[in-house]
Amino acid sequence: MNHILKSQVRQAVSIIKNGGIIAFPTETVYGLGANVFDKKAIQKIFDAKNRPADNPLIVHISSLEMLNQLVTYISPKNKKLIDAFWPGPLGIVFPKSEFVPDIVTAGLDTVVIRFPDHPIAQYFISECNIPIAAPSVNPSGKPSSTHHNHIIDYFGKNVFVIEGDFSTIGLESSVITTINKPTILRQGTISQADIQNILKVPIYIAEKNTSTVQSPGMKYKHYAPNAPIKLIPLEENIISIIQDYIKDEYRIGALVSSENYTQLPPNSIGFNLGSQNDYAEISAHLYDGLHFFDSQNIDIIIAESFQPIGIGVAIMDRLSRAASTH
Ligand code: TXA
Ligand code: MG
């Protein structure tokens, strides 16, 4: 880690210890962090994001010792998940200990914990020596930040940022509960099949409409750029649809794979997500594309669909939520 980053981490740690909030990189998306035990600091996160008070935060740790202060019980299933996927992009629901303030969990008796697989995040949390509650860094309802420049666009100089460049995964973590029926509450790059392979029991997916109760955050408007998004089904010809819109004098933003990017008509504004053969590349670029269009003078974003296979499930989850909020 270079000395600029080290000094940014030092500054961030001091802000946290003084009851402030800071943004830090993780492998999924950037997090807006505060000392989990400091209720006033946690309130600053909700205020900065304009986040509804009934949407709980994920708590980030940098060692398994930190887990013990936060939870009352680690079930055998959760132990297996920890061994298989931590550090990594999986948030796990646990029964919370009395030390976790209610404001963090929105009054629930459970808490979601994640151990990020990112050297700067781990270094920052271990230097704080305190678990860090952190949602994604965006005004509530907007796409998460996957680069420090996205945070400047959203919050200007109001939020101190550890500048960690691009998040390599680019989508928020998968969130799972194994309390009662094992259920994925939020899709991410760790898939239903990945988890099933470890737990050897059926894994359910929280349905969009009923997930309200299980995962409060999923009921809110999400991932929405300024312009409306039209998500084109796989079986339709996205290039000819874009041509039709241009004939009707729409200013088009095209959020597409490199295969379609090269076919775009000249008077559309394209964003190249990467190859259809590499969904990790598509997921890493998705939010950068949504951010890009917020700075463009367009009427509508025409977005390509991807196969709901592997990471494609999480990509399509985000795209369809972003498209359904207008
Ligand atoms: O990848 C990530 O998880 C990122 C980075 C920063 O780690 N964090 C993130 O946090 O996406 P946030 O706050 O934007 O999303 C947290 C999600 C929400 O959907 C929330 O409802 C759910 O986790 N959640 C948090 N605590 C919960 C709980 N006790 N039970 C069920 N769902 C919970
Ligand atoms: Mg979020």
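This report concerns the structure included in the present document. (Residues numbered from 1 in each chain as written. Chains lettered and ligands numbered in written order. Predicted model: local features only at pLDDT ≥ 70, side-chain atom pairs only at ≥ 80, totals over all residues. Heavy atoms only, no water.)

Looking now at helix H12 (residues 279–294). Between its first and last C-alpha, H12 extends 23 Å over 16 residues, near the 22 Å set by a 1.5 Å rise per residue. Of all the bends in H12, the greatest measures close to 35° and is centred on His 285. Buried positions along H12 lie against helix H7 (148–155), strand E11 (229–232), strand E12 (252–256), strand E13 (269–272), strand E14 (300–304) and helix H13 (311–324). (Helix = DSSP H or I, 4+ residues; strand = E, 2+ residues; numbered from the N terminus. Expected span 1.5 Å × (residues − 1). Bend = angle between axes of the 7 residues up to and from the residue. Contact = heavy atoms within 4.5 Å.)

Once that is clear, we can look at the side chain of Ser 167. One can find Ser 167 in the loop between strand E7 (160–161) and strand E8 (174–177). Engagement of the side chain of Ser 167 in a polar contact is seen with the backbone oxygen of Thr 26, the distance being 3.0 Å. When residues no more than four places from it in sequence are discounted, the contact partners of Ser 167 are Thr 26, Glu 27, Thr 28, Val 29, Tyr 30 and Thr 146. (Polar contact = N/O pair within 3.5 Å; in protein donor to acceptor, adjacent residues only side chain to side chain.)

Okay, the pairing of strand E5 (residues 110–114) next. Taken across its five residues, E5 has four buried, putting it largely inside the fold. Sheet topology places strand E3 (residues 58–60) next to E5; three bridges connect them, and they run parallel. In the strand pairing of E5, Ile 58 is matched with Val 112. Sheet analysis places strand E4 (residues 90–95) next to E5, joined by four bridges and oriented antiparallel. Paired with Val 93 across the strands is Val 112, a residue of E5. (Buried < 20%, exposed > 50% of the residue type's maximum accessible area, 1.4 Å probe, protein only. Pairing = 2+ DSSP bridges.)

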